[in-house]
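Coordinate inspection notes
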Amino acid sequence: MVSKYGFHFKLFTKTVGIALKQLIYALIFLPLTISAQKVSPKELARYETEAKAVTIIRDNWGVPHIYGKTDANAVFGLMYAQCEDNFKGIEQNYLYQLGKLSEVDGEKGLYSDVQLQMIADTADAIKDYRNASPGFKKLMNAFADGVNYFLYRHPEVKPLVFQRFEPWFALMFTDGSVSATVTGGLNLNETQAFYGPGGEKLGAVQKPNPDEREIGSNGFAIAPSRSASGHAMLYINPHVPFYFRSEVQLVSDEGLDVYGAVTWGQFFVYQGFNKHCGWMHTSSSADVGDLYAEKIVKKDGQWFYEYNGALKPVTSRKLILKIKNGDQSSEKLITGYYTHHGPVLGSRDGKWLALKANNRSYKALLESWLITRANTFAEYKKAMGLLSNGTNNTVYADDQGNIAFWYGNFMPKRDPKLDWTMPVDGSTAATEWQGLHPLDEIVHVYNPATGFIENCNSTPFTSSGKNSPDKNKYPAYMAPDGQNFRAVNAIKLLSNARNLTLDQLIAKGYDHYLAAFDVLLPKLFKAFDAAPDSLKNKLSEPLAILKAWDKRSAANSVATSLAVEWGALMMRQLPSPKTEEAATYQTERVETMLQSIGNGKLIALLVKAVNNLDQQYGTWKMSWGDINRYQRPADGKTYSDSEPSLPVGLTSSMFGQLPSFVSRTMNTKKRYGYSGNSFIAAVEFGTRIKAKTIITGGESFDPASKNYTDQAGMYIDGKFKDVLFYKADVLKHAARTYHPGN
């Protein structure tokens, strides 16, 4: 036996005797007893019992397949495995969800903390935990135990804030989405303006600043009538910051058997599949959170708001925020205000804005868990019938040949005559919610005759060709978003597809066509024809390259570099949308912009694009792959042109490409990817599951591991690995088998 210090104990103790052996052991393990998380003997005994009931098999890709006697055992093992891979990511997510970013990031995290602490009160989560059913409480206990046992066994891991995880933490993070917090269109600057220096504001005039980034995901479901095998298929393609989720499998003797992507710090599979069905969540623009404009007055030092002709007192809660400043920290006390609608997060035009939403609930976490256990369409609908998922659309397929789509889930009933994209009058009962729409009342598609479903964070009213939902049958608040170029591309690819194999479905999901340029380039070419000869001479070569281009991005393509540089400048000409919902009408907004932009501006932007490339790289004749690179720095943030990297032919999805690779310069000349395609899966639901997946770079977060970038080239090229779903296959490719704590 060799310790981490290199002592050969058997040989050593024969020489020095038993007493010295005991001394050496004590010295070696002293750091564990001093630095490890403090646990009671009773807790440790529980952890060790749970660990013995769990087996983790890491396959050759580093994917953990977690086997437990019970569901709770599997959850314990999952959290331990997540901590092994990326405890930092887990803690970061809970710093955000519990409103504690400023304890690490200082002042810059302060108003995010204010928002989150007001939106979700930890006291409510603790109450929900105490009132939870015994079976579900076991899962939350196992969630906390798995993390705490890891911290006990790994004293070298130094949490920034959380020295111990509590079971109720899971109830603060019930949605695995990258945009899991609904604010009703109110932004962080408005919260800072309201609660910042100077005290509460009586409705300072603030204008919203909707986020215009092109983010989102793709979900496709293929009916048996369109597949080569006669089985339904599902394509899971979230677009999120790289390394946002891990790929796992959870199996228990109680019947759990689910595979897919888990957001760091959660114990349910967010996007994935089990033996019988699969689900893909895309971020939804359904209006599920509303701002109420409250008429506020102050009397005798107390705030009141008008409601139905009477004054009601504004309630308050003290927020204590710890703010890091160098090696020191200070406390800041902020008084948060509430009306019966919810927390007051900002103000506009003389009125306070209170948020009504469903950002955190016991039923939301329960729903997220129950869909992983659903084996039939009816069981899946029953789980979704809890109506508690506030931010997601769902694309579904199963082994009975069903395909389905729901636009949203939690959907309040409201007066359809009102514009719910804007703040509504909080002084009258006429604007109150009137319960929730049941599942079959929200926008949905069940087994369309067209045989396909697509959702690309786009309008659901084109989701299945001629069998798409009828917009006139639903209130506007249910689906207020418009069309984007990704969806245009997806519909074109899927509407004529027949006899699709799994590999062909993957190829469509990785199609490099940039649909936006179908609209953008003809206008440019027309402007060029009308340009003076001086400009024609200067731009003749770039224009010839763009005219010959097939509108498909490629690593060896100069046209892609030109198009992306010019296209990005064009997208900046779009007028600012008035609301977040208006920002989703990408195709419409581009068409409107093209009608008003002059020929001179179009040509001037192309000149600027050519000059930008010249200045950045010394020539505009740069192949896209020489500019656009994949690199995974050891520290996760320091990119370097002098370090190895891979050329990438993909672009962001802003221009309608289905796969997404969002890149930018990182204090570098070249651009490096940081967001876009992450965990992707293609699944066929036959008598046996057939599935393929890929993940950005690799499963491991250890730069020294072979699994750190072993999937990078495959990820770039769209070459997926076979999923090892059945245990016999897992065992054939097992790289490491162990119990937590070994």
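Here's a quick rundown of the structure.

1. Some details on the nonpolar core
The biggest cluster of nonpolar side chains holds 116 residues, and the ones touching the most others in it are M140, F143 and F267. Per element, the largest residue contribution to this core is 13 residues, and it comes from helix α4 (residues 71-97). Discounting chain neighbours no more than four positions away, the residues touching F143 are V75, M79, Y94, F165, E166, P167, F169, A170, G265 and F267. Core analysis: the next-biggest nonpolar cluster, separate from the first, contains 43 residues, F485, L521, L543 and M571 among them.

2. Observations concerning the pairing of strand β10 (residues 296-299)
Relative to strand β11 (residues 302-307), β10 runs antiparallel, the two sharing four bridges. Its bridge partner being in β11, K299 is matched across the sheet by Q302. The turn linking β10 back onto β11 is made up of two residues, and D300 within it adopts a positive phi angle of 55°.

3. Looking at the sheet that holds strand β20 (residues 444-446)
Note on sheets: strands pair through backbone hydrogen bonds, and any given pair is parallel or antiparallel. The strand order across the open sheet formed by ten strands is β20-β18-β17-β8-β7-β6-β5-β2-β1-β29, and the pairing between neighbours is mixed. Edge positions in the sheet fall to β20 and β29 (734-738), since each has one partner strand and no second. On average, each strand axis in the sheet is tilted by 15° relative to the strand beside it, whichever way the strands run.

4. Some details on the sheet that holds strand β16 (residues 351-356)
Strand order in the open sheet made by the six strands is β13-β14-β15-β16-β9-β19, with mixed pairing throughout. In the strand order of this sheet, the two ends are held by β13 (315-325) and β19 (424-425), each with one partner. Where helix α6 (residues 110-119) meets the sheet, its contacts fall on β13, β14 (328-339), β15 (342-348) and β16, and the angle it forms with β13 comes to roughly 145°. Of the strands in this sheet, β14, β15 and β16 touch helix α9 (residues 188-195), which is tilted by about 90° from β15.

5. Quick notes on the environment of L605
Within the fold, L605 resides in helix α19 (residues 599-617). Judged by its relative accessible area of 6%, L605 falls in the buried class. L605 sits 40 residues away from E565 along the chain, and the two C-alpha atoms are 9.3 Å apart. With near-sequence residues (within four places) excluded, L605 lies in contact with W566, L569, M570, Q573 and I597.

6. Focus: the side chain of S246
Inspection of the secondary structure puts S246 in strand β5 (residues 245-252). Ignoring anything within four residues of it in the chain, the contact list for S246 reads Q82, G260, A261, V262, W264, I695 and E699.

7. Some remarks on the pattern of salt bridges
Counted by the stated rule, this structure contains 22 salt bridges. Residues R736 and E84 are paired through a salt bridge, measuring 3.9 Å at the closest nitrogen-oxygen approach. Taken together, the positions of R736 in strand β29 and E84 in helix α4 put the pair 652 residues apart, joining distant regions of the chain. The exposure class of E84 is partly exposed, given its relative accessible area of 25%. In the salt-bridge network here, residues are joined through shared partners; they are R58, E84, D85 and R736.

8. Things to note about the environment of C277
Along the polypeptide, C277 turns up in strand β8 (residues 277-283). Distance from C277 to I403, taken between C-alpha atoms, is 9.6 Å for residues 126 residues apart in sequence. When near neighbours in sequence (up to four residues on either side) are disregarded, C277 contacts A374, Y380, Y396, A397, D398 and F685.

9. Details of unusual backbone geometry
Glycine aside, a negative phi is what most residues show, and trans is what most peptide bonds show. Unlike most non-glycine residues, N457 shows phi in positive territory, near 55°. Tracing the backbone through its elements, the reader meets N457 in the loop between β21 (452-455) and α12 (485-495). Located in the positive-phi region is K551, a residue other than glycine, with phi close to 65°. Looking at where K551 falls in the secondary structure, it is placed in the loop between α15 (533-548) and α16 (558-571).

Here is what the cut-offs are and how they apply
- Residues numbered from 1 in each chain as written.
- Predicted model: local features only at pLDDT ≥ 70, side-chain atom pairs only at ≥ 80, totals over all residues.
- Heavy atoms only, no water.
- Core = buried A, V, L, I, M, F, W, Y, C linked by side-chain atoms within 4.5 Å.
- Buried < 20%, exposed > 50% of the residue type's maximum accessible area, 1.4 Å probe, protein only.
- Helix = DSSP H or I, 4+ residues; strand = E, 2+ residues; numbered from the N terminus.
- Contact = heavy atoms within 4.5 Å.
- Pairing = 2+ DSSP bridges.
- Axes fitted to C-alpha atoms, helices over the stretch in contact; angles between N-to-C directions.
- Salt bridge = Lys/Arg side-chain N within 4 Å of Asp/Glu carboxyl O.

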